Amino acid sequence: MNFPSLNEQLDVIKRGTVEIIPEDELVKKIEKSIAKKTPLIIKLGADPSRPDLHIGHAVVLNKLRQFQELGHTAILIIGDYTGMIGDPTGKKKTRPQLTHEEAIENGKSYYEQATKILDKSKTKIVYNSEWLSKLDLKQLIQLMSKFTVQRILERDDFTNRLNEQAEIAFHEMLYPLMQGYDSYAINSDVELGGTDQKFNNLVGRDVQKRYGKEPQCVITMPLLEGIDGSEKMSKSLDNAIGISEDPKDIFGKTMRIPDALIYKYFELGTQISVDELNDIKDKITESPRDYKRKLGYEIVKLYYDEDTAKNSIEEFDKIFIKKEIPDDIPEIKLDEDVKLINLMVSNKMADSNSAARKLIEASAVSIDGEKVSDVNAVIGKDKSFTMKVGKRKFLKVN
RNA sequence: GGGUAGGUAGCGAAGCGGUCAAACGCAACAGACUGUAAAUCUGUCGACUUAGGUCUUCGGAGGUUCGAAUCCUUCCCUACCCA
């Protein structure tokens, strides 16, 4: 197999990375790979505790995809065994532990979603229970003896937890070692991860060295901010764009990101070429809105297809720029007269009667474009109209 | 095992017998302004309501009291210090 030249590869690999540790070793590995016509083994560990992937997770998957396109081998490790511990990274508290069944189940779902980005035919998937479950106590002690408590505690999360008087459960200290052991088990040349994974991934290097293997290089990718523009993207903060979401939502959410993030999203969240990326870099500030539309288009295209992406733009323009009613909105028929607030609640346009009342009072409800102000409004069963609650909730009544 | 400080709405955090559905901040939602950007301003932010109120909430369970998030008993949970 023939690989692109070293420099071509480096251009692609370096896109968006934070650190390559150490870069000269990576260069040597690539040179060797070209000379021997052997692909590098690229490791990505997946945490099976979160089955819903968002474009923040996609940052690292995109990078892995790029490696695949360069001809290298991607190995996705589903941490079914480590998932039972729960990665302490960035956590202030001990994570809940998954059962093995849950971990496997989540792992499958992870794979399904990850292969929306990765080349399925070139992705090897392995479960780390395959080797971790076979470690006996003697081997585990041997592994533990190669590291010191200080080394494990030096990572920020643990230091912070010590300082903030939060607990650290004993088993959590094992997490980095086990993840590092994965690298040894699959002989990885490169491990990818977010900057938050730097410590764990470096431990992988050490484990390999101590077991007499050539150590992997570590490539860290930035953590993508969520659509609120400040916090790291995460489902629990409700600032994430899920890769399995409806295309309209993906597009709409993309349009809501702060301008400062547009380039970063292009760089990390799309597969547009390095050349194109360089081309738009300085132009974004000229017309942020247009580039944001392009960004939304590219992201939708990545997870769906070109037609869907085009539709998303059109739909968006229709609703928010031309302020028209979207095409496919829920439609219901009334069998009898109902109070407006009940109608809102039963169609999930408000959480409770009180909430519905408050929305009406806040003039957030309109019928055929007319704002409704009567909290006790009753809708006659023969009426036919379209109502709108807030900016995004529509309902057609016939 | 001994000691100390705590557990309040999605989160953080006040309150320490009545004026508490519970200050304040963040988040969220809605309105104005916009490019559904950011920033800003305004309103809402337990539930039901015939709008007068009613009901359920302050770790759990009991109790004292006309009245408890606030006092007492007990149980559960967390952190820290000492061993």
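Quick look at the structure, then. (Residues numbered from 1 in each chain as written. Chains lettered and ligands numbered in written order. Predicted model: local features only at pLDDT ≥ 70, side-chain atom pairs only at ≥ 80, totals over all residues. Heavy atoms only, no water.)

Considering the side chain of Thr254
Here comes step 1: Within the secondary structure, Thr254 sits in helix α11 (residues 247-255).
Here comes step 2: On the basis of relative accessibility, which here comes to 0%, the residue Thr254 falls in the buried class.
Here comes step 3: Of the polar contacts made by the side chain of Thr254, one reaches the backbone oxygen of Ile250; its length is 2.6 Å.
Here comes step 4: If sequence neighbours within four positions are ignored, Thr254 has contacts with Ile241, Lys292, Leu295, Gly296 and Ile299. (Helix = DSSP H or I, 4+ residues; strand = E, 2+ residues; numbered from the N terminus. Buried < 20%, exposed > 50% of the residue type's maximum accessible area, 1.4 Å probe, protein only. Polar contact = N/O pair within 3.5 Å; in protein donor to acceptor, adjacent residues only side chain to side chain. Contact = heavy atoms within 4.5 Å.)

Side note on the packing of helix α14 (residues 288-303) against helix α15 (residues 306-321)
Here comes step 1: Taken N-terminus to C-terminus, the directions of α14 and α15 make an angle of 140 degrees; their axes are 8 Å apart at the nearest point. It follows from the interaxial angle that α14 and α15 lie oblique. Judged by the sense of rotation from one axis to the other, the crossing of α14 with α15 is right-handed. Within the contact between the two elements, α14 uses Arg289, Arg293, Tyr297, Val300 and Lys301 and α15 uses Glu306, Thr308, Ala309, Lys310, Ser312, Ile313, Asp317 and Ile321.
Here comes step 2: Residue composition of the contact of α14 with α15, by class: 5 nonpolar, 2 polar and 6 charged. (Axes fitted to C-alpha atoms, helices over the stretch in contact; angles between N-to-C directions. Parallel < 35°, antiparallel > 145°, perpendicular 65-115°, else oblique. Left-handed = near helix turned anticlockwise from the far one by under 90°. Nonpolar A, V, L, I, M, F, W, Y, C, P; charged D, E, K, R; others polar.)

Considerations on unusual backbone geometry
Here comes step 1: In this chain, Ile21 is followed by Pro22 through a cis amide linkage whose omega measures -20 degrees.
Here comes step 2: Within the fold, Pro22 resides in the loop between β1 (19-21) and α2 (23-36).
Here comes step 3: Of note in the backbone geometry, Asp368 takes a positive phi value of approximately 50 degrees without being a glycine.
Here comes step 4: Tracing the sequence through the fold places Asp368 in the loop between β9 (365-367) and β10 (370-371).

Some points on the sheet that holds strand β7 (residues 331-332)
Here comes step 1: In space, the 5 strands of this open sheet follow the order β7-β13-β12-β9-β10, with mixed pairing throughout. Because the sheet does not close on itself, it has two edges, and the strands there are β7 and β10.
Here comes step 2: In terms of strand pairing, β9 meets strand β12 (residues 385-389) through 3 bridges, oriented antiparallel. Within β12, the position partnered with Ser366 by the bridge is Lys388. (Pairing = 2+ DSSP bridges.)

So, the side chain of Glu191
Here comes step 1: With respect to the helices, strands and loops of the structure, Glu191 is situated in strand β5 (residues 190-194).
Here comes step 2: The class of Glu191 is buried, set by a relative accessible area of 2%.
Here comes step 3: A distance of 2.9 Å separates polar atoms of two side chains, one belonging to Glu191 and the other to Gln216.
Here comes step 4: When near neighbours in sequence (up to four residues on either side) are disregarded, Glu191 contacts Lys43, Gln179, Ser183, Asn201, Gln216, Cys217, Val218 and Ile219.

Notes on the environment of Phe67
Here comes step 1: Here Phe67 is to be found in helix α3 (residues 55-69).
Here comes step 2: Once the C-alpha coordinates of Phe67 and Ile13 are considered, the two residues, 54 residues apart in sequence, prove to be 7.2 Å apart.
Here comes step 3: Discounting residues that sit within four places of it in the chain, Phe67 has contacts with Ile13, Ile42, His72, Val190, Leu192 and Ile219.

Things to note about a negative patch on the surface
Here comes step 1: On the surface, Asp335, Glu336, Asp337 and Asp382 cluster together into a patch of negative charge.
Here comes step 2: By the secondary structure assignment, Asp337 is in the loop between β7 and β8 (338-339).
Here comes step 3: By relative accessible area, which is 49% here, Asp337 ends up partly exposed. (Patch = residues over 30% accessible without salt bridge, like charges linked within 9 Å, V, L, I, M, F, W, Y side chains within 5 Å. Areas by Shrake-Rupley, 256 points an atom, 1.4 Å probe, with all protein chains shown as cover. Salt bridge = Lys/Arg side-chain N within 4 Å of Asp/Glu carboxyl O. Lys, Arg positive; Asp, Glu negative; His and termini not counted. Charge placed at Lys NZ, Arg CZ, Asp CG, Glu CD.)

Regarding the pairing of β5
Here comes step 1: Along β5, 5 of the 5 residues are buried, which leaves the element largely enclosed by surrounding structure.
Here comes step 2: The side-chain alternation of β5 yields two buried faces, one formed by Val190, Leu192 and Gly194 and the other by Glu191 and Gly193.
Here comes step 3: In this structure, strand β2 (residues 41-46) lies alongside β5, joined through 3 bridges in parallel fashion. Residue pairing for β5: Leu44 is matched across the bridge by Leu192.
Here comes step 4: In terms of strand pairing, β5 meets strand β6 (residues 217-221) through 5 bridges, oriented parallel. Following the sheet pairing, Gly193 is matched in β6 by Thr220.

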